[in-house]
Amino acid sequence: MRRTVFNEDHEAFRETIRAFIEAEVVPVYDEWFAAGQAPRDFYYKLGELGIFGINVPEEFGGAGMDSHKFEAVLYEETARAGVQFGGSGVHVLLALPYINMLATDEQKKRFLPKFVTGEEMWAIAMTEPGTGSDLAGMKSTAKLSEDGTHYVLNGAKTFITGGVHADKVIVCARTAAPTAEDRRHGISLFAVDTKSEGYSVGRKLDKLGLRTSDTAELAFVDVKVPVEDLLGEENKGFSYLGHNLASERWGIAFGAYAQAAAAVRFAKQYVQDRTVFGKPVAAFQNTKFELAACQAEVDAAEAVADRATEALDAGELTPAEAASAKLFCTEVAHRVIDRCLQLHGGYGYMNEYPIARLYADNRVNRIYGGTSEVMKMIIAKNMGL
């Protein structure tokens, strides 16, 4: 079936990204993997390439695009090469939608030019120790000062992707207590400068996968946040978080599909090159059947991912549809990558092979952005169950 989601501009962008990865990422990726993060200056290169400005309005230094298809190309090309762009994904996919949606013109003038160049890297801090997917249960607080000039932020966050290198972090905190009728009430969003007194980065977390993406614990002790850095309206943060969850879950779904497609590519190449009992592994019927079944699942995931992409760009992707796409694509990727690793035999367990890293990287897809179980709850509720 002919794929229609991308046009000539997207394919030209693909060529540029593929060449960039081959020249700037592949030769040093093992060093990043060993260090547990990409170097800070790599983000300046992404800024120079224009990666960060695709969806930023032109008046603030961006390209002014209103599409997620260029991000989709990035997912496919990084997966194809078996690499990650460090923690930069959260900068664009998670932080930017909140800035575009909530920031005032004055805030955009302050935030976006440095966002585009990579001078200021952004992260978002929602999850807290002990709360997991239950965002309404967050305990971090931001209390308005008596003179009304700033908020005083206290609390802790965990699993914050990009948290080590971040210069600005969108922090979710309580500005009012929850009510008996609505425990989600009272959450607000703030753009917090990581150089602020009382702001600290704790452990750089040692993860199973996504090794080049820095993930940290954050702590706030009487951090002063100017009132000018409140994003959107006070106490309406939970509704903002819900609004952008669809795009976040789309990104996870599309990334998972891309990983599954890459796994088939890696396995196909391996079984054609590897000889066992005097003939290529690809010559065995079991190998052919396994890869054929994997390819069929990838084809289905591609269709789901592409449909979700079109719906997202049209502003029509519903929370339930995003949950369905995430659930399906991440579960497909889990099955396909596992089977492709099996075809590698013992070498599939070695980190020098991209399939091993892909196996570890993929596992979190069914957890972050809402677990598979949460996705099922959303879908079931939409079904009237």
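Shown above is the structure to which this text applies.
Residues numbered from 1 in each chain as written. Predicted model: local features only at pLDDT ≥ 70, side-chain atom pairs only at ≥ 80, totals over all residues. Heavy atoms only, no water.

Chemist: Sorry, what's going on with the overall build of the chain here?
Modeler: Within the chain one finds eleven helices and ten strands. For 385 residues, the compact-globule estimate of 2.2 N^0.38 gives 21 Å, and the C-alpha radius of gyration of the chain, at 21 Å, lies within 12% of that figure. Its C-alpha atoms give the chain principal-axis dimensions of about 80 × 50 × 40 Å. A total of 385 residues make up the chain; the buried ones form 51% of that total. Here the contacts in the chain between residues at least 6 apart in sequence split such that 75% fall between residues at least 24 apart. (Helix = DSSP H or I, 4+ residues; strand = E, 2+ residues; numbered from the N terminus. Rg over C-alpha atoms; globule rule 2.2 N^0.38 Å. Buried < 20%, exposed > 50% of the residue type's maximum accessible area, 1.4 Å probe, protein only. Contact = heavy atoms within 4.5 Å.)

Chemist: Could you clarify how one ought to interpret the packing of aromatic side chains in this entry?
Modeler: Given two aromatic rings, one states the distance between the centres and the angle between the planes to describe the pair. In total, this model carries 16 aromatic pairs according to the counting rule given. Look at Phe42 and Phe85: their rings are 5.5 Å apart centre to centre, the planes differ by 65°, and that puts the pair in the edge-to-face class. Of this pair, Phe42 sits in helix H3 (residues 41–49) while Phe85 sits in the loop between helix H4 (69–81) and helix H5 (88–102), and the two are 43 residues apart along the sequence. Neither Phe42 nor Phe85 differs from the other in exposure class; each is buried. Their ring planes at 85° and their centres at 5.4 Å tell us that Phe254 and Tyr257 sit as a pair that is edge-to-face. On the criterion of helical spacing, the pair formed by Phe254 and Tyr257 is a turn pair, its members being three residues apart in helix H7 (residues 237–273). A relative accessible area of 1% means that Phe254 is categorised as buried. An aromatic cluster is defined as three or more aromatic residues linked by ring pairs; in this entry it consists of Phe20, Tyr29, Trp32, Phe42, Tyr43 and Phe85. A cation over a ring is seen here: Arg357 above Phe33, with NZ or CZ 4.2 Å from the ring centre. (Phe/Tyr/Trp six-rings, centres within 6.5 Å; stacked < 30°, edge-to-face > 60°. Lys NZ or Arg CZ within 6 Å of the ring centre and 35° of its normal.)

Chemist: What is the right way to read the pattern of salt bridges from this model?
Modeler: Per the stated rule, a full pass over the model turns up 24 salt bridges. One salt bridge in this structure joins Glu76 and Arg14, with 2.9 Å as the shortest N-O distance. Note that Glu76 is positioned in helix H4 and Arg14 in helix H1 (residues 8–25), a separation of 62 residues in sequence. Grouping residues by exposure puts Glu76 and Arg14 together as buried. Measuring nitrogen to oxygen at the nearest pair gives 3.3 Å for the salt bridge that ties Lys195 to Asp193. Given a relative accessible area of 66%, Lys195 falls into the exposed group. (Salt bridge = Lys/Arg side-chain N within 4 Å of Asp/Glu carboxyl O.)

Chemist: I'm lost on the environment of Tyr368 in this one. Help?
Modeler: Relative to the elements of secondary structure, Tyr368 occurs in the loop between helix H10 (354–362) and helix H11 (372–382). Put simply, Tyr368 and Gly132 are 236 residues apart on the chain and 9.2 Å apart in space, counted from C-alpha to C-alpha. Apart from residues lying up to four places away in sequence, Tyr368 is in contact with Leu210, Ile252 and Lys326. Only 3.5 Å separates the side chain of Tyr368 from the side chain of Asn365, close enough to count as a polar contact. (Polar contact = N/O pair within 3.5 Å; in protein donor to acceptor, adjacent residues only side chain to side chain.)

Chemist: I would appreciate a short explanation of H7 in the present structure.
Modeler: Because an α-helix completes one turn every 3.6 residues, residues spaced three or four positions apart along the sequence face the same direction. For H7, with 37 residues, the first-to-last C-alpha span of 53 Å sits near the 54 Å given by 1.5 Å per residue. Along H7, the sharpest kink reaches roughly 35°, centred on Leu245. With 27 of its 37 residues buried, H7 lies for the most part within the structure. (Expected span 1.5 Å × (residues − 1). Bend = angle between axes of the 7 residues up to and from the residue.)

Chemist: Sorry, what's going on with the pairing of strand S2 (residues 141–144) here?
Modeler: The side chains of a regular strand alternate between the sheet's two faces. The sheet contact formed by S2 and strand S3 (residues 150–161) spans four bridges and is antiparallel. Each residue of the ladder has a partner; that of Ala142, found in S3, is Leu153. (Pairing = 2+ DSSP bridges.)

Keep in mind these numbers describe shape, not what the thing actually does.
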